[in-house]
Structure formats: C-alpha cells, structure tokens
Amino acid sequence: MSVGIVGYGCYIPKFRITVEEITKVWGENPENIKKGLGIEEKSVPDIDEDTVTISVEAGKNALLRAGIKPEKIGALYIGSESHPYVVKPSGTIVAEALQLGTDLMVADLEFACKAGTAGIQCCISHVKAGQIEYGMAIGADTSQSRPGDALEYTAAAGGAAFVIGKDPLAEIEGTCSFTTDTPDFWRRDKQDYPRHGARFTGKPAYFKHVVSASTNMMKKLGLRPSDFAYVVLHMPNGKFPTRAAKVLGFSMEQLKQSLVVTRIGNCYSGSSPLGLCNVLDVAKPGDRILMTSYGSGAGSDSFVINVTDKILERREKAKKTEYYIKRKQNIDYGRYARIMGKLKTE
Amino acid sequence: MVHKSSVPLHWRMQKSRYNLIGSKCVTCNTVFFPSRILCPKCRRKGKLESFQFSGKGEIISYTIIKVPPEGFEKNIPYAIAVIKLEEGTNIAGHVVGDIENIEIGKKVRAVFRKIYEDGKDGLIHYGLKWELEEGNE
Ligand SMILES: [Zn+2]
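The following refers to the structure shown. What you see is a predicted model; the values in this text were computed from it and never measured.

Let us look at the overall build of chain B. Assigned secondary structure in chain B consists of 1 helix and 8 strands. For chain B, the sequential pattern of α-helices and β-strands runs α-β-β-β-β-β-β-β-β. Taking the principal axes of the C-alpha coordinates as reference, chain B spans close to 50 × 40 × 20 Å. Considering chain B as a whole, with its 137 residues, one finds that 43% of them fall into the buried category. Put simply, of all contacts in chain B between residues at least 6 apart along the chain, 50% involve residues at least 24 apart. About 7,700 Å² of surface is accessible on chain B, with carbon and sulfur atoms providing 53% of the total. The average position of the 22 basic charges and that of the 16 acidic charges among the side chains of chain B differ by 11 Å.

Given below as structure tokens:
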C-alpha cells in the first residue's frame, strides 16, 4: 500500500502589513520594492501567537482531514527556526494540545526554512519501516527581521501540518535531498535577528539547491516537467521561485497556484508547505505535484506527490488555505513594531 | 482567568486548559467545566464521565480590559467574556480578534494561544482563548 499525505492543514495569522506601510517608515519607494520582491503584503502574528500556537491550529486541521484518532499518531516533528524555547521542545506542548497521547516520539527540527519538509521525510521512513502507523510533520514559523533590513518586507508567520501514513489523499512517490555547507543566512545564539550574505543568498544558495534537488528528483523517477500539473518551490519572495521554475522548465501555469508568498510573505518553514496546501485544496485525482523546499545553510528536499481520489472528500473537512489568506486585517507599522517586540522598553 | 501560578499547579491543569475537557453527569446529562467529581443535582445517584467540549459557544457578557494585571500589559485592550458553550455551561475567557466589534450573542470558537509569559526567563503558559467567528454580522 502506498504511503503519503493522509491529512493536511494550515494556519495563517490574521494580521497583514503592506509593503507600502513599511516603506513609509524607511523612505523607500514602494513600487520598486513590490516589483523587486514580487510581494504585496505579509502576515503578522498576534501578540499571543507563536510557532507552537500556529502548529496547534494547523495540526487540528490536518487531523480533521485525516479523520483518524489523534492517539494513532506515533511521531511528531516540528520544523521551525522560531521555536519559542531554546531548551524545551515545541513538540511536547503541541502533542498535548492535539491529544496525541504519550506513546509518541517527538523532536523539534531546525534547518532554516526546510525543517518542516525534513519532518515529512522522517515520517515517511518511519511509516515505511512499520515503526508507526501515522506520523505528523509540521513546518511553522514566526520569522524575525531586523527593522530596516530587506527581510522586513517578507519575513512572515504561518504554518502547515501533514499527517503521513497509508491510504493517502496524495501519495509521496519519491523524495530526495541536496545538501552543501553554504553560509548564506544564519543567526547565532542569543541574537534577536538573523544575518544574511545579501546577494550571496541567490545563485549559489537558493537556485543551486532548489534546481539540483528538483532535477535529481525528476531524474530518479524518470519524470519531466510536463508530467506535473503543479510545482511548489520555497518562496523567500515572489521572484526566486518564478525564476527557478523557469530554469527547471516549468510554466507559470504550473507554479501560480502555489505562489502564496505574494499575499502572505515568506513563512519560512511554513513556506513551501503552505504552497502545497493551496495546491491540494484544488488538485484533481491523478495530478502530479513537484515540491522542493529550501533551507539556508544549505539544503533542499524534493518530493514527487501524486494526488489520489481520497482528496475529494477529505479536503472539505477543514478550512482551506484561501480562507486563511482572505481572513485578514491590515495593521500599521506602530502596531506591527509593538507586536513583534521591535520597540525595546528596557 | 489565569494568574501567575506555580509550575506544578500549571502542569496539573494543563490537560483541561489546553483541550476543554470537562465532565458530564450521565444520569442527568449536565455538563461541567472545569470538571467535577460530584454532580450537585444528582449527588450520590450521579455518574460523572470525562467530557470533551466542541469549543464552540456564544458571548453572554463581556468587559474590555484597559488597565491590565501584571504580565498582560502587551495585550491591552483585550476582552474578557462569559461564554455559553454549545453543550451548556458557562466559562470565562479571553476574547481575541476584532474586539471593537464584540457584542453579546456573537459566536466564538476556542483557539490555542499564549496566555502569558512568566517574565523573560520563566515558563510560557499556553491555553485556550476565544476568537469571534467570521461572518458574525
Ligand atoms: Zn447529575
């Protein structure tokens, strides 16, 4: 029996801040930034939302679609670069809130923006080995950016959860990774904000890894871009995935359904997983999807996913990605700075 | 309302606070939150079982907090409401979302949020808050 995604679900916080609103503070030209980054606005977590709360809400939706008892989950992996504690796993809190029970393996994963997809790979292996019946992998982040940094326009919040097991709504036909030691983006312990190698983040980092992993993946299964209905690539902005898709030989038609970044920003570990959710919300049985994540440091995980007829009944059982994208409230920079703790009061 | 509490006390209440698990008297069908060990109606004839609430309810009363207790300074203004759960029984809770539009009778649903952080080095306490349902108008 095939192994794959049995249930999926997402969560995106309600607040948005537009590119215009941020440029007003820093005196930049909004049209240049919007054109350069390919984004309109980004999601912002409320004062009481973090990676744990986003994971719980996404996890509830994934369980609703899977239609299984929560305690049947045997492993939980949460990939994030904004775990609320440095020491104390996010996963234990999420597991308790989702009532996954105690016969459960939990680990928090970190690999910049690709830790969520690394969790999917772990779950596939456990299920195939017969160690567990179902696993849950979550990619979620409330990403931080230094005020005035280019990342401030894109660093957003959101996440997606996947229940992995047999009898899937989308079979995972294959997965592979591409990994090198590349210093494009990092954050040291006790530092509030990450640093990045500016222009260095493009060619040798994002493009090399995303293109290599995707090419290797298709080669392994003997597939070509024309065999896919959709492609989902990590979205640090709107431009990078568009260019990478073109390099790989995919059309805009194959990419656009997954390109949620233009309306919600880069949700880091939640980025390609949220793109996949938006594709699963509309995909037909038999549609093939190529998904490739990217995490700085650096690596990419690539997946070939084949939608089954189980999608039709299960996807209606929880709120869709479009619901969370449309459910929004725009805020000004003052409120944004207060929520994100950008104003130091002590 | 949750106030600063000891680590063991917080831990003991965690399950019900995260998941809205109360109890139900199967003799008279009354539900309770937090859970009880004795049904006040049936007394010795009552039989109580653990009961999972759906997390749906409506606002029956509320107040807007502008002068917060210690630890809630960043949250103001926020609303504390009495919520009638769909299955019966009332519960007090923190309402999130568009609180400018809060009204008695509006529908809410439980969401998992941070309740408060015990300083910069203490525990982060999580639990349920109540979000106004979309399309309430
Ligand atoms: Zn009774």
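For the rest of this paragraph, the subject is a nonpolar patch on the surface. All names here are of chain B. Judged by side-chain polarity, Tyr62, Ile64 and Ile104 come together as a nonpolar surface patch covering roughly 270 Å² of accessible area. With respect to the helices and strands, the residue isoleucine 64 is situated in strand β4 (residues 56–65). Here isoleucine 64 falls in the partly exposed class, since its relative accessible area comes to 32%.

Right, let's talk about the packing of aromatic side chains for a bit. Residue and element names in this part refer to chain A. A full pass over the atoms with the stated rule returns 15 aromatic pairs over all chains. Seen in terms of ring centroids, tyrosine 206 and tyrosine 294 are 5.6 Å apart; in terms of plane orientation they differ by 75 degrees. Their pairing is edge-to-face. With a gap of 88 residues between them, tyrosine 206 in helix α6 (residues 202–221) and tyrosine 294 in the loop between β12 (288–292) and β13 (297–307) connect regions that are remote in the sequence. Under the relative-accessibility criterion, tyrosine 206 is labelled buried at 1%. Among the aromatic residues, those joined into a ring-pair cluster are Tyr206, Phe207, Phe240 and Tyr294. Taking the ring centre of tyrosine 8 as reference, the NZ or CZ of arginine 65 above it sits at 4.2 Å. Lysine 88 extends its terminal NZ or CZ atom over the ring of tyrosine 85, reaching a point 6.0 Å from the ring centre.

Take the interface of chain A and chain B next. One widely used convention gives an interface's size as the accessible area the parts lose upon coming together. Contact residues are listed per partner, giving 25 residues for chain A and 27 residues for chain B. Of the roughly 2,200 Å² buried between chain A and chain B on both sides combined, carbon and sulfur atoms contribute 43%. Between the two partners, chain A and chain B, sit 5 salt bridges. Of the charged contacts, one joins Asp48(A) and Lys129(B) as a salt bridge, the two residues approaching to 2.7 Å between their closest N and O atoms. Between chain A and chain B we count 13 residue pairs in polar contact (both at pLDDT 80 or more) in total. At the level of secondary structure, the elements contributing two or more residues to the side of chain A that touches chain B comprise α3 (51–66) and α4 (90–97) of chain A. Looking at which element gives the most residues to the side of chain A that touches chain B, the answer is α3(A), with 5 residues. Across the side of chain A that touches chain B, the residue classes tally to 10 nonpolar, 3 polar and 12 charged.

All names here are of chain A. Taking strand neighbours across the sheet as the criterion, the 9 strands line up as β5-β4-β6-β7-β1-β8-β13-β12-β11 in an open arrangement whose pairing is mixed. The open sheet has two edge strands, β5 (105–109) and β11 (230–233), and neither has a second partner. Averaged over all pairs of adjacent strands, the angle between their axes in this sheet comes to 20 degrees, without regard to strand direction. Where β12 lies against β13, 5 bridges are found, and the strand directions are antiparallel. Looking at β13, one finds that arginine 288 is bridged to asparagine 306. Contacts from α6 reach β8 (170–182), β11, β12 and β13 within the one sheet, and its direction differs from that of β8 by about 140 degrees. Relative to strand β7 (residues 157–166), helix α10 (residues 271–280) is tilted by about 65 degrees, and along the sheet it contacts β1 (3–11), β7, β8, β11, β12 and β13.

All right, on to empty space enclosed by the protein then. According to the stated counting rule, one finds 1 cavity of 30 Å³ or more in the structure shown. As for the largest cavity, its lining consists of Pro13(A), Lys14(A), Phe15(A), Val44(A), Pro45(A), Asp46(A), Glu49(A), Gln329(A), Val96(B), Gly97(B), Arg113(B) and Glu131(B). Here the residues of the lining of the largest cavity sort into 5 nonpolar, 2 polar and 5 charged.

Rules behind the numbers
- Residues numbered from 1 in each chain as written.
- Chains lettered and ligands numbered in written order.
- Predicted model: local features only at pLDDT ≥ 70, side-chain atom pairs only at ≥ 80, totals over all residues.
- Heavy atoms only, no water.
- Helix = DSSP H or I, 4+ residues; strand = E, 2+ residues; numbered from the N terminus.
- Buried < 20%, exposed > 50% of the residue type's maximum accessible area, 1.4 Å probe, protein only.
- Contact = heavy atoms within 4.5 Å.
- Areas by Shrake-Rupley, 256 points an atom, 1.4 Å probe, with all protein chains shown as cover.
- Lys, Arg positive; Asp, Glu negative; His and termini not counted.
- Charge placed at Lys NZ, Arg CZ, Asp CG, Glu CD.
- Patch = residues over 30% accessible without salt bridge, like charges linked within 9 Å, V, L, I, M, F, W, Y side chains within 5 Å.
- Salt bridge = Lys/Arg side-chain N within 4 Å of Asp/Glu carboxyl O.
- Phe/Tyr/Trp six-rings, centres within 6.5 Å; stacked < 30°, edge-to-face > 60°.
- Lys NZ or Arg CZ within 6 Å of the ring centre and 35° of its normal.
- Buried area = accessible area lost by both parts, 1.4 Å probe.
- Polar contact = N/O pair within 3.5 Å; in protein donor to acceptor, adjacent residues only side chain to side chain.
- Nonpolar A, V, L, I, M, F, W, Y, C, P; charged D, E, K, R; others polar.
- Pairing = 2+ DSSP bridges.
- Axes fitted to C-alpha atoms, helices over the stretch in contact; angles between N-to-C directions.
- 1 Å grid on protein atoms, 1.4 Å probe; cavity = no way out; pocket = protein on both sides within 12 Å on 5 of 7 lines; lining within 4 Å.
- Points joined across faces, edges and corners; volume = space filled by probe spheres on them.

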